[in-house]
Amino acid sequence: MGERDDPGVIGRRVQRLRVEQGLTQRQLAEPAYTPAYISTLESGRVRPSDDALRHLADRLGVAFDELATGHSARLVTELRLRLTDAQRTLAVGETEAAAGQYAELLAEAETHGLAPEQSAALLGLGECALETGELVAGRQYFERAEECLAGAPLPARVPALRGRAVAHYLAGELRYAVYLLETALDELNRGGLHDPDALLLLYASAIGPYMDMGAHARAAQAAEFALALAPQSGDPALVARMHRSVARTLVAEGRLAEADASLAKAAELYRGLQIRTELANCHWMRGYVYAQDGRLERAEAELREALGMLSAKRAALYSSQVAVELADVLHRRGRSDEAAALLHDVLGHLSSERGAVHSAAAHRLLGIIAEDARRTEDAEEHYVRALSLLERAGAAGDLADLCRLLGDLLRRTGRVEAALDAYRTGLGHRTAPGTTTLGPAPAQPPL
């Protein structure tokens, strides 16, 4: 049952329906009520009871909810069915079509004042925007979704909050993304709002920013909590996403076989659900795992599979990120020219506001390729660009290694003082990874 309108609105609605059907106040009132009561109700001077509303709804031939809230139960059901259809359209890779469906649904939900359905449509539009790399638009959709649910409990607002955090993360604003996720986790756990799906979504989403910031201990702990929460979740797509995120921490700990097994579970779930984007992301992550394990041929095959699936979906930002990973594998397989061509192509789709960490990775690899070819000035330029991108994003996890590369280059060209400065910068990021940008850890769930 929806939240009931105020007496004045209900009174005007009753009067309109009565007049449309040609009923007098006496005919509407009998046999349970008096014409005077109907007159008082229509003027908004009395708040009708549930029994009175049921009597009136029966006489007027409308549903109780429609009379009490102005919303047809059939309309709400139809909107929710169409939201599910739009979600399926997005899942199978038809992003533009899904965005069109969500936009229509949003307009209808706004017309009828249906806040939950408005929020769901805005969430869908936000996810479409992330797919196409429109991060500012995506963040705005997620913010509007949160506003629609301003009075709802935090677990209901978590998907919109998580979407906003992901938009900031992809834009290279790692610290703020972590702040949003950790604040929500802290509020949920301290407030006793232990919703398994909400907690699982937040912990799985925090792993990527933690890893890029060099906060490996927190990433491992988030993965541990996510795995413990998974059996309590009723959302298989969410569980699959969790397995994909957890694989990152397992790779960092050198547990490559376990990472591959986690990704296999995720891929199996996504195939069953026919969610192509997440299945592509599983191929992407498996390619990364194989690359870390030195199985470069398999890594290339997985990454090309992911790139093909994402390119077909026109997911430009994610495609560019996969292309950077693929270029690294190609370089390691001795095909540096092919790798460099791929990197130059994707840098046009990446920037400090859009995929900053992978943009830095592209410049880092181009620097290595240039250095191998004895093009020292080009190498230095790429390293400096990468350093600037990583410092702005707060991605401490990669800064130390980049400073080492830059320092070695400067030392070989006789600039010893500049090399020492680069090494000191790297050591500063290496001493306590993650601690310079993160506050106290959020409260933990009761597991």
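Residues numbered from 1 in each chain as written. Predicted model: local features only at pLDDT ≥ 70, side-chain atom pairs only at ≥ 80, totals over all residues. Heavy atoms only, no water.

- An unreviewed UniProt entry annotates the protein chain as DNA-binding protein of Streptomyces variegatus.

**Topic: the overall build of the protein chain**
Here comes step 1: Assigned secondary structure in the protein chain consists of 23 helices and zero strands.
Here comes step 2: Viewed in the frame of its principal axes, the protein chain has a C-alpha envelope of about 100 × 40 × 35 Å.
Here comes step 3: Here the protein chain holds 447 residues, and 50% of them are scored as buried.
Here comes step 4: Expressed as a percentage of contacts within the protein chain between residues at least 6 apart in sequence, the contacts between residues at least 24 apart total 61%.
Here comes step 5: For the protein chain, the accessible area works out to roughly 20300 Å², and carbon and sulfur atoms hold 49% of it. (Helix = DSSP H or I, 4+ residues; strand = E, 2+ residues; numbered from the N terminus. Buried < 20%, exposed > 50% of the residue type's maximum accessible area, 1.4 Å probe, protein only. Contact = heavy atoms within 4.5 Å. Areas by Shrake-Rupley, 256 points an atom, 1.4 Å probe, with all protein chains shown as cover.)

**As for the packing of aromatic side chains**
Here comes step 1: One pass over the full model with this rule turns up three aromatic pairs.
Here comes step 2: When the ring of Y176 is compared with that of Y179, the centres are 5.8 Å apart and the planes differ by 25°; the resulting orientation is stacked. Of this pair, Y176 and Y179 both sit in helix α11 (residues 174–190), three residues apart, which is roughly one turn of that helix.
Here comes step 3: For the pair Y203 and F225, a centre-to-centre distance of 5.2 Å together with 50° between the ring planes defines the contact as tilted. Of this pair, Y203 sits in helix α12 (residues 196–213) while F225 sits in helix α13 (residues 216–229), and the two are 22 residues apart along the sequence.
Here comes step 4: A residue is classified by how much of its surface remains accessible, and Y203, at 4% relative accessible area, is buried. (Phe/Tyr/Trp six-rings, centres within 6.5 Å; stacked < 30°, edge-to-face > 60°.)

**Things to note about the environment of L180**
Here comes step 1: Note that L180 resides in helix α11.
Here comes step 2: Since its relative accessible area comes to 7%, L180 is described here as buried.
Here comes step 3: For the pair L180 and H112, spaced 68 residues apart in sequence, the C-alpha separation works out to 31 Å.
Here comes step 4: Among all residues touching L180, those that are not within four sequence positions of it are L161, R164, A165 and H168.

**Things to note about the domain arrangement of the protein chain**
Note: interface size is frequently given as the accessible area lost on complex formation between the parts.
Here comes step 1: Partitioning the protein chain into domains gives domain 1 (7–70), domain 2 (235–313) and domain 3 (315–429).
Here comes step 2: One C-alpha centre belongs to domain 1, the other to domain 2, and the line joining them spans 58 Å. (Domains from an automatic or database assignment.)

**Re the pattern of salt bridges**
Here comes step 1: On inspection of all chains with the given rule, the structure shows 31 salt bridges.
Here comes step 2: Residues R255 and E258 are paired through a salt bridge, measuring 2.8 Å at the closest nitrogen-oxygen approach.
Here comes step 3: The closest approach of N and O atoms between R375 and D378, which form a salt bridge, is 3.0 Å.
Here comes step 4: D378 sits in the partly exposed class, given a relative accessible area of 32%.
Here comes step 5: Among the ionic contacts, a cluster of salt bridges with common partners joins E300, R304, R333, R335 and E338. (Salt bridge = Lys/Arg side-chain N within 4 Å of Asp/Glu carboxyl O.)

**Notes on the side chain of Q321**
Here comes step 1: You can see Q321 is positioned in helix α18 (residues 316–332).
Here comes step 2: Setting aside residues up to four positions removed in sequence, Q321 forms contacts with L170, W284, G355 and H358.

**Observations concerning unusual backbone geometry**
Here comes step 1: Residues E30 and P31 are joined by a peptide bond in cis, for which omega reads 0°.
Here comes step 2: Relative to the elements of secondary structure, P31 occurs in the loop between α2 (25–29) and α3 (35–42).
Here comes step 3: Despite not being glycine, R374 shows a phi value in the positive range, around 60°.
Here comes step 4: For R374, the position within the fold is in the loop between α20 (356–372) and α21 (376–393).

**Overview of helix α4 (residues 50–60)**
Here comes step 1: Regarding α4, the residues found buried are A52, L53, H55, L56, A57 and L60.
Here comes step 2: Looking at the buried side of α4, the elements it contacts are α1 (7–20), α2, α3 and α5 (64–69).
Here comes step 3: Trailing α4 by a residue or two, G61 shows a phi angle of about 70°, which is positive.

**Here we look at the environment of L227**
Here comes step 1: Among the secondary structure elements, L227 is positioned in helix α13.
Here comes step 2: The exposure class assigned to L227 is partly exposed, which follows from its relative accessible area of 41%.
Here comes step 3: Beyond its immediate stretch of four places on either side in the chain, L227 contacts M242, H243 and V246.

**Quick notes on the side chain of E300**
Here comes step 1: Looking at the element boundaries, E300 is found in helix α17 (residues 296–312).
Here comes step 2: Each residue touching E300, except ones within four places of it in the same chain, is listed here: L326, V329, L330, R333 and R335.

**What about helix α10 (residues 154–170)?**
Here comes step 1: For α10, which comprises 17 residues, the first-to-last C-alpha distance of 24 Å matches the rise-based estimate of 24 Å (1.5 Å per residue) to within 8%.
Here comes step 2: Where α10 bends most, the angle comes to about 30°, and this point is A160.
Here comes step 3: For α10, the buried fraction is high: 14 of the 17 residues fall into the buried class.
Here comes step 4: Directly beyond the C-terminal end of α10, a positive phi value near 90° is found at G172. (Expected span 1.5 Å × (residues − 1). Bend = angle between axes of the 7 residues up to and from the residue.)

**Description of the confidence of the model for the protein chain**
Atomic detail in the predicted coordinates should be set aside for any region of low pLDDT.
Here comes step 1: Of the residues in the protein chain, 93% have a pLDDT of 70 or more, and the chain-wide mean is 84.
Here comes step 2: Below pLDDT 50 for its whole length, residues 431–437 participates in seven contacts with residues either more than four positions away or in separate chains. (pLDDT = per-residue confidence, 0-100.)

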